[in-house]
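# An overview of the molecular structure
The residues making up each chain are set out below.
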Amino acid sequence: MAARGHVQDPNDRRLRPIYDYLDNGNNKMAIQQADKLLKKHKDLHCAKVLKAIGLQRTGKQDEAYALAQEVAALEPTDDNSLQALTILYREMHRPELVTKLYEAAVKKVPNSEEYHSHLFMAYARVGEYKKMQQSISAQDENLSKTMFLPLAERMVEKMVKEDKIEAEAEVELYYMILERLEKYKEALDVVRGKLGEKLTSELQSRENKCMAMYKKLHRWPECNALARRLLLKNSDDWQFYITYFDSVFQLIDESWTPPAEEEHSLEGEVHCSIEQAVSFIEERITEESKSSRPLRGPYLAKLELIRRLRHRGCNDEYKLGDPEELMFQYFKKFGDKPCCFTDLKVFVDLLPPSQYTKFIRQLLDVIPLAAAAENEVALPGDIKALQQHLCVVQLSRLLGIYHAMEKKQKLAVVRELMLRYRHGLEFGKSCLKTELQFSDYYCLLAVHLLLDLWLEGEEAAVWQCLTLLEEGLSHSPSNAQFKLLLIRIYCRLGAFEPVSELYSSLDAKHIQHDTIGYLLTRYAGSLGHYAAASQSCNFALRFFHSNQKDTSEYIIQAYKYGAFEKIPEFIAFRNRLNSSLHFAQVRTERMLLDLLLEANISTSLEESIKSMSLSPEEDDIPWKELRDNRDLTVLFSWDPKDRDISEEHRKLSLEEETLWLRIRSLTLRLVSGLPTLGHTIQPKNSEKTAENGVSSKIDTIRALLQQLEAAVDSGKKFLEQKIQYPVLGPPPTRMAGFFSNGSCQCQTSLFYLVSDIYELDTNGLEDSAEIQERIGNSFKSLVERLTDLFNKCKGDLIEVRDGTLKTHPNLLENLVFFVETISIALWVSSYCDSVLRPFKSNLQKKKKKKKESSVAMPPVFTHFLDYVTELQTLTSNVIDHIKGLEIILTALKLEELSLKDTLLLQEEKKFTKTVQGKVQSSYHHSVQEIGELLKKRLDTIKKLKI
């Protein structure tokens, strides 16, 4: 409870004990002390607020809020009350109330610098940028200066004229204002002038800003001269090589010639021909050879220049030499550095495909490898040779040499790579657990080769992938690539259980919950691990919600300390996260999951929807602004361009994810609309139905149903393209399964049934024979469709074929869809029940009055009872089927699987057993969780007897 020591106020002494109790976490005593004080001093507002803080912290939020609003209504202006209310509102996560508080305070005390400052920060916290400007313009001139917020150019110019700009932050702000006003010439003058001398906190800050302005103004001579000058100072700075080349070619295209008499440009000499560029790069290489530390920049710049000349169709590239020879020389110089592969990767396009094998052989010839015996593999004697060899292996994969091999050759390469991997472990004996082994990439490359074989239909290869990765992880427990690959492969096999532990050991931080969280949330629920799915959604949502609060704090700190250039970055960051596709997906799936696990089991559907503040009319997903923040290249890949993930794949994946999200979001909103239709007995054509809003509710449901139909059509059209993503590319959504197993048709029919039941409710039982028949037919076709869906869940989840395990994750996904669809069927049935029950009791009353035994029962009752009975039978059959699956999974003796594969070494067999055990256990767990949930659903069906 900071910032109260300066207030010289007799009340301060009285309040101190309450502050102390709150600071020490003794909330009950704080409440008692506040009550005592309020008996004597009824008008001591701050005591009321401190009591409210105590109540908030003891879980009595409603009481706390009421008390706080009581004080806020009085519009206090004393420091203590304002500070205490600010703390309380922050703890309630209601920053918008702080703005109202200080708006009132500023009105009452317009000259208070402090209150203006607090109001400004409050606006920043809730992102009210327009009001922030107003709050500044409302402040006096002195405050504008002290808060470094001259957001208008004139104010800064005045400060410049009066020579009052002293801090670097103020110059930064001036530069930002001019840049945003697109006054690039003026911004350049500021940076190049006397004020620019203050820009010292970042290395080359002044030069970088000049360069940015030259580019905006298309002043290529200055761009070129400045880049040239900076490269003379540091010939290893890559960004300036890029600018240098860009500007040279711009000047050539513009046929620019230097003036005869004057300086070439403001920044000195300009190069405007290919000859000058070639000789400049050659000079850099000559200079580099004299340097004590080898620099990569000049050599890579030479290759970059060749690439650009070739791209432009110039014939001058021969002046720089043969790219193959240059790359070979580069490898000899830097091949032992891990960056050598990534450096050369960019330039392999310069090699003709016919030269690939020769180039690789040439590289291998210069690596010092020694073989123990004649027919044995030649191995490196030290880490440098190992790094060089690794670089060549990575390049072989990139050039497609491994892809072109036959199955036998590929398996031989896998063996060789694993031999090299195990040999390389010798060099890493002293490595800490948190360090990676030098030879880890050999293991990863072997796994990539095995994945190729798996995709070609070699079923055993995938188990070997897992075996090698688990072995690799045992030697290198911090290798994120091993973990990420294991996560992807286990999920592809339908085993989620090992994934939770692997993901948590990755220790994903902050933004990574958005960029790689999809690896977890895509599979958790769809593979029947409901508890883990809840947990993984919570991880992600906790990050997204805390981001709201955290980013506001960052923005405020940036204002406080004058780091103005960071403010737009923080705002963009916050917007990017608020519009995150993953955020919208996790929110939607989390709510559907909660309904699936709780609605009409532990709480009623109505209560569940109310607690989530769900409303069918509201759509809070920013469809137009959705941002795909997934990192789809988080898994290393050495594949050639034609096999790697492309920009097209990204676009298609985003389209697919958005379509699937739309279907899921509409399903959620349709379910949330069920309780709003609540049974209201109104005569036919009554005007009141329109007044009480129920008829508009059914209109909402019908409109949403049309939208769902449209989304489903778009989804089907999308799937007709039969897109295949690369194996390590984006995982496909569940949409294909949703359509093919019949869940989609079932769920849509259920929502149409709601519309029919509502019609029956408003029309009454008389004169509704046609509607009743329609409802009866819907019931019949629903049972048939659900039975078809169940038939698509039948089969062994894991089978042994030719001594190899084969998993069927699609059966598991179908079972999960069945559970979801049957749950929706039950929520709709509850609505039917709420409509039919009153009708039946009315009929029975009439029966008693007329004392007739033969009042005919309308057919809809029989239809509904038959439907409920069939649902019950079907669910019981599915539960029995699941029990059967459990028995089969338990009885599956994996150790009897013939591990006779000659490729497997004894140590590998140990890991294979572990891997197969994990998959078996995961499937067992999935089936158990699905079975448990279905049993709870069966209990709800039994209650549906009208």
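Basis of the calculations
Residues numbered from 1 in each chain as written. Predicted model: local features only at pLDDT ≥ 70, side-chain atom pairs only at ≥ 80, totals over all residues. Heavy atoms only, no water. UniProt positions renumbered as here; feature names shortened; annotations may be inferred. Helix = DSSP H or I, 4+ residues; strand = E, 2+ residues; numbered from the N terminus. Buried < 20%, exposed > 50% of the residue type's maximum accessible area, 1.4 Å probe, protein only. Contact = heavy atoms within 4.5 Å. Areas by Shrake-Rupley, 256 points an atom, 1.4 Å probe, with all protein chains shown as cover. Lys, Arg positive; Asp, Glu negative; His and termini not counted. Charge placed at Lys NZ, Arg CZ, Asp CG, Glu CD. Phe/Tyr/Trp six-rings, centres within 6.5 Å; stacked < 30°, edge-to-face > 60°. Salt bridge = Lys/Arg side-chain N within 4 Å of Asp/Glu carboxyl O. Pairing = 2+ DSSP bridges. Axes fitted to C-alpha atoms, helices over the stretch in contact; angles between N-to-C directions. Parallel < 35°, antiparallel > 145°, perpendicular 65-115°, else oblique. Left-handed = near helix turned anticlockwise from the far one by under 90°. Nonpolar A, V, L, I, M, F, W, Y, C, P; charged D, E, K, R; others polar.

Looking up the chain in an unreviewed UniProt entry gives the name N-alpha-acetyltransferase 25, NatB auxiliary subunit, with the organism given as Cyanoderma ruficeps. The UniProt entry for the chain carries the following text under Subcellular location (unreviewed entry): "Cytoplasm". Here is the UniProt Function (unreviewed entry) comment for the chain, exactly as written: "Non-catalytic subunit of the NatB complex which catalyzes acetylation of the N-terminal methionine residues of peptides beginning with Met-Asp, Met-Glu, Met-Asn and Met-Gln. May play a role in normal cell-cycle progression."

Moving on to the overall build of the chain. The secondary structure content of the chain amounts to 41 helices and four strands. Its C-alpha atoms put the chain at 115 × 85 × 55 Å along the principal axes. Per-residue burial over the chain gives 52% buried out of 946 residues. Partitioning the intrachain contacts of the chain with sequence separation of at least 6 by distance along the chain shows that 71% fall at a separation of at least 24. By element, 51% of the accessible surface of the chain is carried by carbon and sulfur atoms, the whole surface being about 44500 Å². Mean positive and mean negative side-chain charge positions of the chain (127 and 137 charges, respectively) differ by 5 Å.

Here we take up the packing of aromatic side chains. The full count for this structure, using the stated rule, is 19 aromatic pairs. Summarising the aromatic geometry, the rings of tryptophan 238 and tyrosine 241 are spaced 5.8 Å apart at their centres and angled 50° between planes, so their arrangement reads as tilted. A residue pair is termed a helical-turn pair when its members lie 3 or 4 positions apart in one helix, as tryptophan 238 and tyrosine 241 do in helix α15 (residues 238-253) at three residues. Summarising the aromatic geometry, the rings of phenylalanine 779 and tyrosine 867 are spaced 4.4 Å apart at their centres and angled 20° between planes, so their arrangement reads as stacked. Remark: tyrosine 867 occurs in helix α40 (residues 859-891) and phenylalanine 779 occurs in helix α38 (residues 769-791); sequence separation between them is 88 residues. You'll find phenylalanine 779 and tyrosine 867 in the same group, each marked buried. Feature note: the residues Trp660, Phe738, Phe739 and Phe817 constitute an aromatic cluster, connected by ring pairs.

So, on to the environment of asparagine 777. Relative to the helices and strands, asparagine 777 is located in helix α38. Judged by its relative accessible area of 42%, asparagine 777 falls in the partly exposed class. Residues asparagine 777 and histidine 863, spaced 86 residues apart in sequence, show a C-alpha to C-alpha distance of 8.6 Å.

Our next topic: the side chain of serine 534. Mapped onto the elements, serine 534 comes out in helix α29 (residues 530-560). Apart from residues lying up to four places away in sequence, serine 534 is in contact with Arg590, Leu593, Asp594 and Leu597.

Before going further, it helps to spend a moment on the pattern of salt bridges. For side chains bearing opposite charge, pairing can occur when the charged atoms are close. Under the definition given, this model contains 50 salt bridges. The partner of glutamate 91 in a salt bridge is arginine 57, and the shortest N-O contact between them spans 2.5 Å. One end of the pair, glutamate 91, is in helix α5 (residues 79-91); the other, arginine 57, is in helix α3 (residues 45-57), and 34 residues separate them in sequence. On the basis of relative accessibility, which here comes to 32%, the residue arginine 57 falls in the partly exposed class. Residue glutamate 820 is joined to arginine 664 by a salt bridge in which the shortest nitrogen-to-oxygen separation is 2.8 Å.

It is worth spelling out the pairing of strand β3 (residues 798-801) at this point. Along any regular strand, the residues point their side chains to alternate faces of the sheet. Note that β3 and strand β4 (residues 804-807) share four bridges and pair antiparallel. Residue pairing for β4: isoleucine 798 is matched across the bridge by threonine 807. In textbook terms, the turn of a hairpin is the stretch between consecutive antiparallel strands, and for β3 and β4 this stretch comprises two residues, one of which, aspartate 802, has a positive phi near 50°.

Across the interface, α3 lies against α5 with an axial gap of 8 Å and an inter-helix angle of 15°. What the angle tells us is that α3 and α5 run roughly parallel. Here the hand of the crossing between α3 and α5 comes out left-handed. Each of His45, Cys46, Val49, Leu50, Ala52, Ile53, Gln56 and Arg57 in α3 lies in contact with α5, whose residues at this interface are Asn80, Ser81, Ala84, Leu85, Ile87, Leu88 and Glu91. Taken together, the residues that form the contact of α3 with α5 break down as nine nonpolar, four polar and two charged.

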